[in-house]
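Given next are the chains, with one letter for each unit.
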Amino acid sequence: MRRPLQAALTAVALLLATACSGGSTDGSEEGWSFTDDMGTRISLDAVPERIVAYKGVAAALGDMGLGDRVVGVFGEPTNPDPDLGLQSPELDVSTLPDITGGEYGAVELEELAALEPDLIVTTTYGSGDYWYLSPDVAKRLGGTYDLAAINLEKETVDGVIENSERLALALGADEADFEAGHAALAKAGDLVRSAARTAGDPTIIATSTTPELLYVANPPAYADLTYLSDEIGLDVVRPAAKDLDEGDYWDSVSWEQADAYDADVALWDTRGGDKNLTTLEQQPVWNKVRAAQDGAYLPWRFEVAPSAQGYATMLELFAGDLQKLGS
């Protein structure tokens, strides 16, 4: 969607934004363009000043110095336990207008229109779909607004951060604003390494649940689990390729076979509060595994801002949890 060149935005400011935009962005004093991680080329009359974003992306933009651009959000309901939900020291997304619809993938169109966004930003997992926007909703929005996506599909932590920062630079962020986040990430990595050694380098299994099934995560599909495996050196349980469900994210196991995987520590999916932990604790077969017998449960903080500071915050919390387990 094209918007008039805002009077307050001078040609000099546009040129500065263009200079920071990265290789896949073309800008001039006449306008702004960007090619996102889905290969979609976006052309606007000016650098986007009003952004509606998926909640995690909104937090990441805040972490990268662009929080004042975010005028609205959409995505998962707010976690009932604030300590388990999305964490951002720079932007409290709960204070922003939430245009999420009543079911997954929907948005409140009238509320969205009232925000007059220049750009809508979410994530993608490589399927050609926009995360938390159903295909029908995305198609409808695409007729009126410009949509951009940051890829999270089978990326490392560094890869996710690079994708986010490429968009932030295109939007005119100052690369110097990223330095604190990268320093925090390096420090958090050291904290996790120390905590892992204190805990005896435990074997870890990452899980989610439904009333019918146990889901065992496939580490290469998740940046944080790949980090724990490849950067920290932890043994993270990896389902055999033949057992993976479509998409390679999980192996779904019946509760009658929930002891098929064993590990010292179990991570439980924090989406929706502690309901996944409660489900695990109630399953008799699952309770045969070492982690369950020892009560060695740690929250798997699923809602992470895809920024250096976002991952740093998540890893700092994980290190604290792991350290308590080892003490």
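The model shown is predicted, which means the values in this text are computed figures rather than measured ones.

K.L.:
Is there a simple way to explain the layout of surface pockets in this structure?
P.N.:
Space left empty within the atom packing is revealed by a probe, the size of a water molecule, rolled over the atoms. Roughly 1,100 Å³ of internal volume is contained in the largest pocket. Along its surface, the largest pocket is lined by 41 residues, and Y54, E76, F302, E303 and V304 are the ones closest to its centre. Put simply, the parts of the chain that give the lining of the largest pocket at least two residues each are helix 2 (55-63) and helix 7 (223-231). Among the elements that take part in the lining of the largest pocket, helix 2 stands out by supplying three residues, more than any other. Here the residues of the lining of the largest pocket are counted per class, giving 23 nonpolar, nine polar and nine charged. Computed from the structure, the second largest pocket encloses a volume of approximately 230 Å³. The set of elements that each furnish at least two residues to the lining of the second largest pocket consists of helix 5 (157-170), helix 6 (179-198) and helix 7. The residue makeup of the lining of the second largest pocket, split by class, is six nonpolar, four polar and four charged.

K.L.:
I would appreciate a short explanation of unusual backbone geometry in the present structure.
P.N.:
Backbone geometry follows two general trends: most residues other than glycine have a negative phi, and most peptide bonds adopt the trans configuration. Positive phi, normally seen in glycine, also occurs at Y132, with a value near 65°. On the secondary structure map, Y132 appears in the loop between strand 6 (119-124) and helix 4 (135-142). The phi dihedral of D248 falls on the positive side, at around 65°, and the residue is not glycine. The residue D248 is located in the loop between helix 7 and strand 10 (250-254) in this model.

K.L.:
Teacher, can you tell me more about the confidence of the model for the protein chain here?
P.N.:
When pLDDT drops low, the exact placement of atoms in the prediction is not to be read closely. Scored by pLDDT, the protein chain comes out at a mean of 91, with 91% of its residues at no less than 70. Segment residues 1-28: pLDDT under 50, and 53 contacts once partners within four positions in sequence are set aside and those in other chains are kept.

K.L.:
So what exactly am I meant to see when it comes to the pairing of strand 5 (residues 70-74) here?
P.N.:
Two faces belong to every sheet, and in a regular strand the side chains alternate between them. Of all five residues making up strand 5, five are buried, and the element is well covered by its neighbours. Bridge analysis of strand 4 (residues 51-54) against strand 5 gives four bridges, and the strand direction is parallel. When the bridges of strand 5 are listed, Y54 appears paired with F74. Between the parallel pair strand 4 and strand 5, the chain is carried across by helix 2, and the sense of this crossover is right-handed.

Parameters at a glance
- Residues numbered from 1 in each chain as written.
- Predicted model: local features only at pLDDT ≥ 70, side-chain atom pairs only at ≥ 80, totals over all residues.
- Heavy atoms only, no water.
- 1 Å grid on protein atoms, 1.4 Å probe; cavity = no way out; pocket = protein on both sides within 12 Å on 5 of 7 lines; lining within 4 Å.
- Points joined across faces, edges and corners; volume = space filled by probe spheres on them.
- Helix = DSSP H or I, 4+ residues; strand = E, 2+ residues; numbered from the N terminus.
- Nonpolar A, V, L, I, M, F, W, Y, C, P; charged D, E, K, R; others polar.
- pLDDT = per-residue confidence, 0-100.
- Contact = heavy atoms within 4.5 Å.
- Buried < 20%, exposed > 50% of the residue type's maximum accessible area, 1.4 Å probe, protein only.
- Pairing = 2+ DSSP bridges.
- Right-handed = clockwise from strand over helix to strand, strands pointing away.

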